[in-house]
Amino acid sequence: MIKRVLAISAGVVLFAAGTLQAQVVPTPESHFGFELGSDRKLANWSALTAYYERLAQASPRVSVDTLGPTTAGLPFVMLTITSPENHADIERLRNIQMRLADPRRVGGEEELQRLLDEGKTIVLITHAIHSTEVGGAQTAARLAYRLASSNEAKVLEILDNVILLDIPSLNPDGTQWVVDWYNEHVGTEYEASPMPWLYHYYVGHDNNRDWYAFTQLETQYTVLQAHNAWHPQIVHDIHQMGNSGARIFFPPYIDPIEHNVDPGLVAAVNMLGTYMAAELTAQGKKGVVVNAIYDGFTPARAYQHYHAGARILSETASARIATPITQTADDIGGGREYDAAVATWNFPDPWEGGEWGLPDIVEYMESGAMALLTNAAKNRRYWLENFYRINERAVKGWEAWPAAWVIPADQPNTAGLAYVLRTLRMGDVEVHRAWTDFEGDGRSFPAGSYVVPMNQPYAAFAQTMLEVQHYPDLRQFPGGPPKPPYDVTAHTLPLLMDVEAVAVEEVPDLAGILEPDPIETPDFAFELPEALTGPDAPRVAIYKSAQEPMEAGWTRWVFDQHGLRYDTLKDARAREGGLGDDYDVIVLQDQSPGSIRDGFSPGALPPEYTGGLGQAGVSALESFVRSGGRLIAIEEATDFVTELFGLEISSAVERLDTQDFFIPGSILQLDLEDHPITAGMGAESVAWYWRSSRAFDVMDARASVVARYAAGDPVLSGWILGPEHVAGKPAIVEVPIGSGSVVLFGFQPNYRGQTVATWPLLWNAMSTTPRAPEGEPDSGGSR
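Residues numbered from 1 in each chain as written. Predicted model: local features only at pLDDT ≥ 70, side-chain atom pairs only at ≥ 80, totals over all residues. Heavy atoms only, no water.

### Examining the overall build of the chain
Broken down by element type, the chain carries 21 helices and 31 strands. Computed over the C-alpha atoms, the radius of gyration of the chain is 27 Å, within 12% of the 28 Å expected from 2.2 N^0.38 for a compact globule of 783 residues. A principal-axis box enclosing the C-alpha atoms of the chain has dimensions of 90 × 70 × 55 Å. Sorting the 783 residues of the chain into buried and exposed places 62% on the buried side. Look at the contacts in the chain between residues 6 or more apart in sequence, and 80% of them connect residues 24 or more apart. A total accessible area of about 27800 Å² is found for the chain, and carbon and sulfur atoms account for 49% of it. In the chain, which carries 55 positive and 101 negative side-chain charges, the distance between the mean positions of the two groups comes to 5 Å. (Helix = DSSP H or I, 4+ residues; strand = E, 2+ residues; numbered from the N terminus. Rg over C-alpha atoms; globule rule 2.2 N^0.38 Å. Buried < 20%, exposed > 50% of the residue type's maximum accessible area, 1.4 Å probe, protein only. Contact = heavy atoms within 4.5 Å. Areas by Shrake-Rupley, 256 points an atom, 1.4 Å probe, with all protein chains shown as cover. Lys, Arg positive; Asp, Glu negative; His and termini not counted. Charge placed at Lys NZ, Arg CZ, Asp CG, Glu CD.)

Quick look at the structure:
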């Protein structure tokens, strides 16, 4: 339910042209007790939301909506900021925007020109998705106050020509937790220490990789109630980055740009980012860089690129949370596609060192946002018409796209099918069901099949999600190391979900075979295997340390979505021993041996958060396995297990140079052996292979190979250099130890909650009985 607070009229004095008596709007300092952006001073989410309520009550320029509760139950809010006149006409203006978003709803050139004359530039600004990047949430309140109270000519121009949707934190839970942690320890030896749990309950930093899977509540609110409800022309995503280089980044992005992004949108992003950089440089702000560091490839970070919206990422250099730092010129240098110590065309005025803190961060962020809003206001008609033309080209269909995508009916993987359809429909793609059998490209499809016509506004989103990715082979120099992508190189949903989708070039008249209305957005259709339910199900724990990796959080999300009963095993409990009394299966997600064993160093955090498992916990895990338990280790955690038990199993790719071997987030073919862990899966599957994945060299005679990477070139989608180094190599290995066993996953069976195709391998590993070594009876252990 949306809760909206609008301005009250009492005590508000309006002047001509919507100007406002500024003193009636509460200042941030009067509310928080300090100036936002001060060193060592942070406002938490409770204080910030209370301030937004006060702004909305005091200023007719501001309304605040609560879109729903966050994962931890806090309010997820969005501000709408524009002139009082626009607020009074808000539904008509939104209707204009929705008509421009779908050219099929525009009745000709005369109507188009009227809509372009009357519409407003819709801008969405999002802050604080990464909660340790604390400047964004503080900037949001400062910016809101300025727009709510100022009568500057440029502010009034923005208010008249722009409707600003502002989400002041994309992760309110993390904003609350990080600020509370910092404020608790500021002025102590633990000032600016890392918080010892993920700052999003499930996914930590990866909440900014959820913009096509839509797994988290906060993503869903933003997509459904901001993006899809308004289809903004511009989306400004405010972030922070490391502090050894530039002070702030704006687009253009570096190559590659994903090829389904409309060229008109790429040009618009380039123009706006460069304008913002020029504005800040003209203000005397040093260290502004463009066309560096960040690429435009993955839709996991750029939903709007497939919905005619210009994604303007800004990244401002960080301090130590809100604690200032001092840097010399020697501390500044290097960078991706630039050198922070050298002036170049894309970095004309380097920052040469000095003190850097939250006041600088907030000042740069606010200046960037104001430059963006100024451009959006001054170039209102350009933004509306460019937006319309991008959508018009999509409705006509691109020559490179098929006529339609068909997802055949009655596929066995119902969970994967529901996931794919949910992604498409939540992404505003029209998906229809065929009411009759039909043929396409000579293939017969049964009635009930799902059809995605590729002449619709958001066909680009469907295309990038359903097709295979062929990432370009980019090198630092000919024959040299690869240029790594900023994130990953593959996102092909049918492969990740184990679902068939067929690109069809020739289809009959779709109007004659499709139901007229698109399907409703389905829910997830996850179902826990029977072996993991009921009183006889194995007792499962997943290890959760003070350095919990995001992959463990994603795994907890999958467990919770399936209704699996499990515990989180923390260091203190592990050190107590007797793990077999409580558990049959323990999962170690992708975490280094040092992190598992030693955790945070003494003195880095309060003592209750340091030390890792320690020797007592390590010994307890060893005893657990030898007494009949199963230990499942994934990716880097396999090193911990092979060291613990002295297994003759090692990574086959660990010492290879990147110019010889490199897989930066790709989908590989997986060949499955006949083994209980592969039961019910057939002969082939996929493997998500990325930065910490490995192929194994197995010399241990006790080991059973469960799955191998396919021979030849195993890549199905993405990019691989040196495929011969993994081809045919073991990818999953089981080793019996005492009465128990260990299972080693060289790849990630649960990539960001998306790899429905390989979840059965994890379920089977958790639910099958460990194999006893040959010649040694199975004692049953704790089973």
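### Focus: the pattern of salt bridges
The tally for this structure, following the rule as stated, stands at 39 salt bridges. We note a salt bridge from Glu366 to Arg146, for which the minimum N-O separation is 3.4 Å. Of this pair, Glu366 sits in helix H11 (residues 358-378) while Arg146 sits in helix H6 (residues 135-149); the two residues are 220 residues apart in sequence, bridging distant segments of the chain. Between Arg752 and Asp487 there is a salt bridge, and its shortest N-O distance comes to 3.0 Å. You can see Arg752 sitting in the loop between strand E31 (740-745) and helix H21 (759-767) and its partner Asp487 sitting in the loop between helix H14 (459-466) and helix H15 (493-497), a full 265 residues away along the chain. Overall, the relative accessible area of 2% leaves Arg752 in the buried class. With relative accessibility at 9%, the residue Asp487 sits in the buried group. Where salt bridges share partners, they join Asp89, Arg92, Arg99, Glu111, Arg114 and Glu118 into one cluster. (Salt bridge = Lys/Arg side-chain N within 4 Å of Asp/Glu carboxyl O.)

### Quick look at the pairing of strand E2 (residues 62-69)
Counting buried residues in E2 gives 7 out of 8 residues, a clear majority hidden from the surface. Strand direction decides the pairing type here: E2 and strand E3 (residues 75-81), joined by 7 bridges, are antiparallel. Each residue of the ladder has a partner; that of Thr66, found in E3, is Val77. Between E2 and E3, which follow one another and run antiparallel, lie 5 residues, and Gly73 among them has a positive phi close to 95°. (Pairing = 2+ DSSP bridges.)

### Quick notes on the packing of aromatic side chains
Following the criterion strictly, the structure yields 38 aromatic pairs and no others. With a centroid separation of 6.3 Å and 85° between ring planes, the pair formed by Trp554 and Trp557 is classed as edge-to-face. One end of the pair is Trp554 and the other is Trp557, both in helix H16 (residues 550-562) and 3 residues apart, which spans about a single turn. Here Trp554 matches Trp557 in class, with each residue buried. Taken together through their ring pairs, the aromatic side chains of Tyr419, Phe524, Phe526, Trp554, Trp557 and Trp759 make up a single cluster. Of note, Arg247 hangs over the ring of Trp356, and the distance from its end group to the ring centre comes to 4.8 Å. Here the guanidinium or amino end of Arg422 rests over the ring plane of Phe524, the centre of that ring lying 3.8 Å away. (Phe/Tyr/Trp six-rings, centres within 6.5 Å; stacked < 30°, edge-to-face > 60°. Lys NZ or Arg CZ within 6 Å of the ring centre and 35° of its normal.)

### Concerning the environment of Pro196
Here Pro196 lies in the loop between helix H8 (172-185) and helix H9 (217-230). C-alpha separation for the pair Pro196 and Tyr609, spaced 413 residues apart in sequence, amounts to 6.7 Å. When sequence neighbours within four positions are dropped, the list of residues in contact with Pro196 reads Trp181, Ser545, Ala546, Leu605 and Tyr609.

### Thoughts on the sheet that holds strand E18 (residues 450-453)
Ordered by their spatial adjacency, 4 strands build an open sheet running E15-E18-E14-E19, and the pairing between neighbours is antiparallel. Each edge of the open sheet is held by one strand with a lone partner, namely strand E15 (432-433) and strand E19 (502-504).

### Re the confidence of the model for the chain
Per-residue confidence for the chain gives a mean pLDDT of 95; residues scoring 70 or more make up 95%. By mean pLDDT, strand E1 (residues 3-5) is the weakest element of the chain at 52, and strand E5 (residues 162-167) is the strongest at 99. In the predicted structure, residues 6-18 sits below a pLDDT of 50 and forms 27 contacts with residues beyond four places in sequence or in another chain. Of the regions scoring below 50 in pLDDT, residues 771-783 engages in 33 contacts with residues more than four places distant in sequence or in other chains. (pLDDT = per-residue confidence, 0-100.)

### Description of the nonpolar core
Membership of the largest hydrophobic core comes to 214 residues, with the highest contact counts inside it found for Tyr52, Leu373, Ile632, Tyr709 and Met766. Looking at which element gives the most residues to this core, the answer is H11, with 12 residues. In this structure, Tyr543, Ile586, Val625 and Val735 belong to the second largest nonpolar core, which totals 31 residues. (Core = buried A, V, L, I, M, F, W, Y, C linked by side-chain atoms within 4.5 Å.)

### Some points on helix H5 (residues 109-118)
Of the positions making up H5, those classed as buried are Glu111, Leu112, Leu115 and Leu116. Seen from one end, H5 has its buried residues packed into an arc of 135°, which puts them on one side. Buried residues belonging to H5 abut helix H4 (90-101) and helix H12 (380-396). (Arc of directions from axis to C-beta.)

### Details of the packing of H4 against H5
Viewed as axis vectors pointing N to C, H4 and H5 meet at an angle of 130°, and their least axial separation amounts to 10 Å. Relative to H5, the element H4 lies oblique. Once H4 is placed against H5, the crossing between them reads as left-handed. On H5, the residues that touch Arg92, Leu93, Ile96, Arg99 and Leu100 of H4 are Glu111, Leu112, Leu115, Leu116 and Glu118. Of the residues belonging to the contact of H4 with H5, the class tally is 6 nonpolar, no polar and 4 charged. (Axes fitted to C-alpha atoms, helices over the stretch in contact; angles between N-to-C directions. Parallel < 35°, antiparallel > 145°, perpendicular 65-115°, else oblique. Left-handed = near helix turned anticlockwise from the far one by under 90°. Nonpolar A, V, L, I, M, F, W, Y, C, P; charged D, E, K, R; others polar.)

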